[in-house]
Amino acid sequence: MRRFRFKLQAVLQQREAAERNRLLALAGFQQEMRACEERIEAIVCERARVLADWPRNVDLQDYALREAYLDGLDAKAQRETELRETIADRLERARDALVEARRARESITRLKEHAYEQYVAEARREEQATLDDLAVLRHRRSHATIA
């Protein structure tokens, strides 16, 4: 019997590659998100450290410097928060693209599984037909020698 050959194998391979690419893109966005969140956490910690370590009795110039530094940290935190929102949007789109690519690949995979089941059923029918032919031949030979 001939080997199983799926006619849409090239399509399946293309869909698998597309799914892998979407998965890699998603992983990249997740990595960006983690890095952004770490930067935000570092800013928050730095702000808390500055507020906790600053002495209560300081002159006006030191106070102004501290406030300017805290304002800079706040602005940096705001930029990172906006960036996090942008990355979150990209991350959501990447998840949606991955789900769509996975569905597309799974539909072709199901077709392949169905085609393989048909192939196996046909192979069994052919094998059974061959066995039936052999049984008929044996029966004829056994009856031919008796007569």
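Our structure's up above, just so we're on the same page.
None of the values given here were measured: they were computed from a predicted structure.

What counts, and where the lines are drawn
- Residues numbered from 1 in each chain as written.
- Predicted model: local features only at pLDDT ≥ 70, side-chain atom pairs only at ≥ 80, totals over all residues.
- Heavy atoms only, no water.
- Helix = DSSP H or I, 4+ residues; strand = E, 2+ residues; numbered from the N terminus.
- Rg over C-alpha atoms; globule rule 2.2 N^0.38 Å.
- Buried < 20%, exposed > 50% of the residue type's maximum accessible area, 1.4 Å probe, protein only.
- Contact = heavy atoms within 4.5 Å.
- Areas by Shrake-Rupley, 256 points an atom, 1.4 Å probe, with all protein chains shown as cover.
- Lys, Arg positive; Asp, Glu negative; His and termini not counted.
- Charge placed at Lys NZ, Arg CZ, Asp CG, Glu CD.
- Expected span 1.5 Å × (residues − 1).
- Phe/Tyr/Trp six-rings, centres within 6.5 Å; stacked < 30°, edge-to-face > 60°.

Trainee: Sorry if this is basic, but what is going on with the overall build of the protein chain here?
Mentor: The helix and strand tally for the protein chain stands at two helices and zero strands. For 147 residues, the compact-globule formula gives about 15 Å, and the C-alpha radius of gyration of the protein chain, at 35 Å, lies well above that figure. Dimensions of the protein chain, computed from the C-alpha atoms along their principal axes, are close to 125 × 25 × 15 Å. Residues counted as buried form 16% of the 147 residues belonging to the protein chain. When contacts within the protein chain are restricted to residue pairs at least 6 apart in sequence, long-range pairs at least 24 apart make up 87% of them. Accessible surface, the protein chain: about 11400 Å² in total, of which carbon and sulfur atoms supply 53%. When the 29 basic and 28 acidic side-chain charges of the protein chain are each reduced to a single mean position, those positions are 11 Å apart.

Trainee: What is the right way to read helix H1 (residues 9–53) from this model?
Mentor: A turn of α-helix holds 3.6 residues, and therefore any two residues three or four places apart point the same way. Compared with the 66 Å implied by 1.5 Å per residue over 45 residues, the 65 Å span of H1 between its first and last C-alpha is a close match. Residues of H1 that are buried include every one of Leu12, Ala18, Glu19, Leu26, Phe29, Met33, Cys36, Ile40, Ile43 and Val50, and no others.

Trainee: How do you make sense of the packing of aromatic side chains when you look at a structure like this?
Mentor: The geometry of an aromatic ring pair is captured by two quantities: the separation of the ring centres and the angle between the planes. On inspection of all chains with the given rule, the structure shows three aromatic pairs. On the basis of an interplanar angle of 55 degrees and a centroid distance of 5.4 Å, the ring pair of Phe4 and Tyr119 is categorised as tilted. Highlighted residues: Phe4 in the segment before H1 and Tyr119 in helix H2 (residues 60–146), separated in sequence by 115 residues. Three or more aromatic residues joined by ring pairs form one cluster here, namely Phe4, Tyr116 and Tyr119.

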